Amino acid sequence: MRLILSYLAGALFGTGLLVSRMANPAKVLSFLDIAGRWDPSLALVMVGAVAVAALGFWWGRHRARPFLGGQFSKLASSGVNARLILGAGIFGIGWGLSGLCPGPALVDLPLRPLPIGLFVIAM
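The rules behind each value
- Residues numbered from 1 in each chain as written.
- Predicted model: local features only at pLDDT ≥ 70, side-chain atom pairs only at ≥ 80, totals over all residues.
- Heavy atoms only, no water.
- Helix = DSSP H or I, 4+ residues; strand = E, 2+ residues; numbered from the N terminus.
- Buried < 20%, exposed > 50% of the residue type's maximum accessible area, 1.4 Å probe, protein only.
- Contact = heavy atoms within 4.5 Å.
- Areas by Shrake-Rupley, 256 points an atom, 1.4 Å probe, with all protein chains shown as cover.
- Axes fitted to C-alpha atoms, helices over the stretch in contact; angles between N-to-C directions.
- Parallel < 35°, antiparallel > 145°, perpendicular 65-115°, else oblique.
- Nonpolar A, V, L, I, M, F, W, Y, C, P; charged D, E, K, R; others polar.
- Polar contact = N/O pair within 3.5 Å; in protein donor to acceptor, adjacent residues only side chain to side chain.
- Phe/Tyr/Trp six-rings, centres within 6.5 Å; stacked < 30°, edge-to-face > 60°.
- Patch = residues over 30% accessible without salt bridge, like charges linked within 9 Å, V, L, I, M, F, W, Y side chains within 5 Å.
- Salt bridge = Lys/Arg side-chain N within 4 Å of Asp/Glu carboxyl O.
- Core = buried A, V, L, I, M, F, W, Y, C linked by side-chain atoms within 4.5 Å.

**Q** Mind laying out the overall build of the protein, listing which residues take part and the relevant values?
**A** The helix and strand inventory of the protein stands at 6 helices and 0 strands. Listed by position from the N terminus, the elements making up the protein come as α-α-α-α-α-α. Seen through its principal axes, the protein has C-alpha atoms that stretch 50 × 35 × 30 Å. Burial analysis of the protein (123 residues in total) assigns 20% to the buried set. In the protein, 44% of the contacts between residues at least 6 apart in sequence involve partners at least 24 apart. Within the structure as shown, the protein displays about 9400 Å² of accessible surface, and the carbon and sulfur contribution to it stands at 73%.

So, in structure tokens, the structure goes:
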């Protein structure tokens, strides 16, 4: 059951990326181009994603254990440090240059195997 629900969650996520066009590098780059031909439509996608995540976190706080069993893991919060800033910077630069990040790249891979495959290998 856990495997089936994990597959369905991944399929829902991938479908959401395709429907919102976040797997389209040109759409993402036009959202990031605030000094040029800016397309703010992906901001609505992000607002929707934050709302859904907030509901999930709220619901999770009121549960004794995760929906699929086991225990909630505690994250060791080390705060903002150089490693976090460097990693976020590398991610942001890569996203800004290519218009892709890991999730949308994997969703887009079957649609455009050669260019996206090169990105996935580099990733």
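**Q** Describe the packing of helix 2 (residues 25-32) against helix 4 (residues 82-98), and please don't skip the residues or the numbers.
**A** Following both chains from N to C, one finds helix 2 and helix 4 inclined at 115°, their axes separated by 8 Å at the closest point. Relative to helix 4, the element helix 2 is oriented roughly perpendicular. Judged by residue contacts, Pro-25, Val-28, Leu-29 and Leu-32 of helix 2 engage Trp-95, Gly-96, Leu-97 and Ser-98 from helix 4. Classifying every residue of the contact of helix 2 with helix 4 by side-chain character gives 6 nonpolar, 2 polar and no charged.

**Q** Tell me what's going on with the environment of Arg-112, and back it up with residues and numbers.
**A** By the secondary structure assignment, Arg-112 is in the loop between helix 5 (102-108) and helix 6 (113-122). For Arg-112, a relative accessible area of 34% puts it in the partly exposed group. Residues in contact with Arg-112, not counting those within four places in the same chain, are Pro-25 and Gly-117. Side-chain polar atoms of Arg-112 contact the side chain of Asp-108, separated by 3.0 Å.

**Q** Residue-level account of the packing of aromatic side chains, with values.
**A** Applying the stated criterion across every chain, the model contains 2 aromatic pairs. Note on Phe-31 and Trp-38: the rings are 6.4 Å apart at their centroids and 35° apart in plane angle, and the pair reads as tilted. A relative accessible area of 43% places Trp-38 in the partly exposed class. Centre to centre, the rings of Phe-91 and Trp-95 are 6.3 Å apart; their planes meet at 35°, and the pair counts as tilted. Residue Phe-91 and its partner Trp-95 are both found in helix 4; the two are separated by 4 residues, about one turn of the helix. Look at Phe-91 and you get partly exposed, because its relative accessible area is 43%.

**Q** Explain a nonpolar patch on the surface to me, and be specific about the residues and the numbers.
**A** Where nonpolar side chains cluster on the molecular surface, the patch consists of Trp-58, Trp-59, Phe-67 and Leu-68 and spans about 470 Å² of accessible area. Counting through the fold element by element, Phe-67 comes out in the loop between helix 3 (41-61) and helix 4. The exposed category is assigned to Phe-67, whose relative accessible area is 57%.

**Q** Explain the nonpolar core residue by residue, including any values.
**A** Residues Leu-17, Met-22, Ala-23, Val-28, Phe-31, Leu-42, Trp-95, Cys-101 and Val-107 constitute the largest nonpolar core, which totals 9 residues. With near-sequence residues (within four places) excluded, Leu-17 lies in contact with Met-22, Ala-23, Gly-103, Pro-104 and Val-107.

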